[in-house]
Every structure is written in structure tokens, then in C-alpha cells.
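What follows is each chain in one-letter form.
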Amino acid sequence: MRIFPQKFINKFIVNEDKLRSAQWLEINGCPKCVDASYNGYTGVKMYKFPTSPAHRRIAYPDVSNNFEAFKMDIIGEVKAKSRERFGGLKVLKLFLDNFSTAAKWDTKFKIDLPGRDKYGRVQFASYNSKIVTGNYLSNNIYGFLCAFIHIPESVSKFIARVYSKGFLEPLISGKLPDKNVLKFSDPISDQEAISAGYKDYKKWIENQHS
């Protein structure tokens, strides 16, 4: 059910990046509207990502370079937005728009990073010599970018929990959260991946100054 006037939705909710994300979902036969509780297909991949963590390490595509390049692209985007008038507020809006499920910065829906296959099975990849899931990468990059804009780790984790419950859906999609997402809770593993993102950011900063 829509809760905002259509004119407001078009101005605040809909943008070019969201339209591209909607097209990706449509092309890949995914549901038009997805939220934090979604555990289905995330689209075609350019690599064959295993759906089990029990294979030999060589079986897992190494996405380290792709993932790091994606981080740097986002940092460039955030820096550019921060230089605009009311840049701080615009950056927060950027995060709200692009870190939601299936949005521009959700790594699970990127063609070169793991997500879920057509049967909803979790896909695995190698990142910095560690076997990880798409969920790990999406939460890791969220933590990294939150650290980059100086959001305290405790706050970013709280926001993730609020989002996972669907409480931000009115601002993201213009709809009230459904019962499935209201029952959903952010897994401990996702919160740990956010912490890992903060640690990765600290290492990145140290390397920048070494």
C-alpha cells in the first residue's frame, strides 16, 4: 500500500539508479519489489560461483580485485556528492538509496560478485584468501563505507538492524513493510561482516599513510 502522495514518491523515491536496478530485476526474472528478507535469485553471473563452502580453494573465483575496485568507485561517488551543497545530507540519502536490497551498491546483485543462484542457494567466492558469501561482501562494504563517512560502528549496526526489520521501507520504496520483513532479523554473521568492513577501512587508511 502506498503511503505517500505519488508526486512525492517520484521526487524522493524514484531516481535513475533505482530504475536501472528495477530493470536488472525484470531482466533476470526476479520479483519487482525485494527487501531485506529476500532469499531468492540475484541474477546472472559472469563466474561459476560454487554453492558450497566445502570445495577445494581453487574452485572459488577470486573476486578481490573486483570488490576493491567497486569500493573505490563508490568512494569516488561519495566524495563527489559530499562536495555539493548540503553534501552531508545528500551522502546520507545516497546511502539510503544505494545500500537497500537489489540497489546499486548491493553486491549480491552485481554480475561479477556472488549472490544466490536460481534455486536460492548461497554462492561462495574467494576474497583476500577467505571463502565468503555474497551476504558477507554486501555487509562488509556497507561497514567500510560507513567508516569512510565517519558513522560510528554501533550506529551503522543499529541502522542495519532497523533496515532488516523493514522500518526504512517507507523512505526506500514508499511502501509499508510486509509481514515477512517484519519477522526478519539481521543475522549475527551480517553484523560481524559489518565489523570486518570497519577493520578493512582502518587497514586501508593505514596503508594510505604508510
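Residues numbered from 1 in each chain as written. Predicted model: local features only at pLDDT ≥ 70, side-chain atom pairs only at ≥ 80, totals over all residues. Heavy atoms only, no water.

(A) Highlighting the side chain of S195. Within the secondary structure layout, S195 lies in helix α9 (residues 188-208). For S195, a relative accessible area of 15% translates into the label buried. Ignoring any residue separated from it by four or fewer positions in sequence, one finds S195 in contact with E153 and K157. (Helix = DSSP H or I, 4+ residues; strand = E, 2+ residues; numbered from the N terminus. Buried < 20%, exposed > 50% of the residue type's maximum accessible area, 1.4 Å probe, protein only. Contact = heavy atoms within 4.5 Å.)

(B) The arrangement of the nonpolar core in detail. In terms of nonpolar packing, the biggest core is built from 33 residues, with V78, F95, W105, L137 and L145 touching the most fellow members. Among the secondary structure elements, those contributing two or more residues to this core are α3 (64-82), α4 (87-98), β1 (124-127), α5 (134-148) and α9. With nine residues, α5 is the largest single contributor of residues to this core. The contact partners of F95, leaving out residues within four places of it in the chain, are V78, W105, L145, C146 and I149. Grouped together as the second largest cluster of nonpolar side chains are seven residues, L25, Y38, Y41 and F109 included. (Core = buried A, V, L, I, M, F, W, Y, C linked by side-chain atoms within 4.5 Å.)

(C) Unusual backbone geometry, seen in detail. A positive phi angle, close to 55 degrees, is found at F86, a residue other than glycine. Its place among the elements puts F86 in the loop between α3 and α4. Classification of F86 by relative accessible area gives exposed; the value is 55%. One non-glycine residue, N128, lies in the positive phi region at around 50 degrees.

(D) Seen up close, helix α6 (residues 153-164). Its 12 residues place the ends of α6 17 Å apart at the C-alpha level, agreeing with the 16 Å of an ideal helix rising 1.5 Å per residue. Among the residues making up α6, those that are buried are S156, K157, A160, V162, Y163 and S164. (Expected span 1.5 Å × (residues − 1).)

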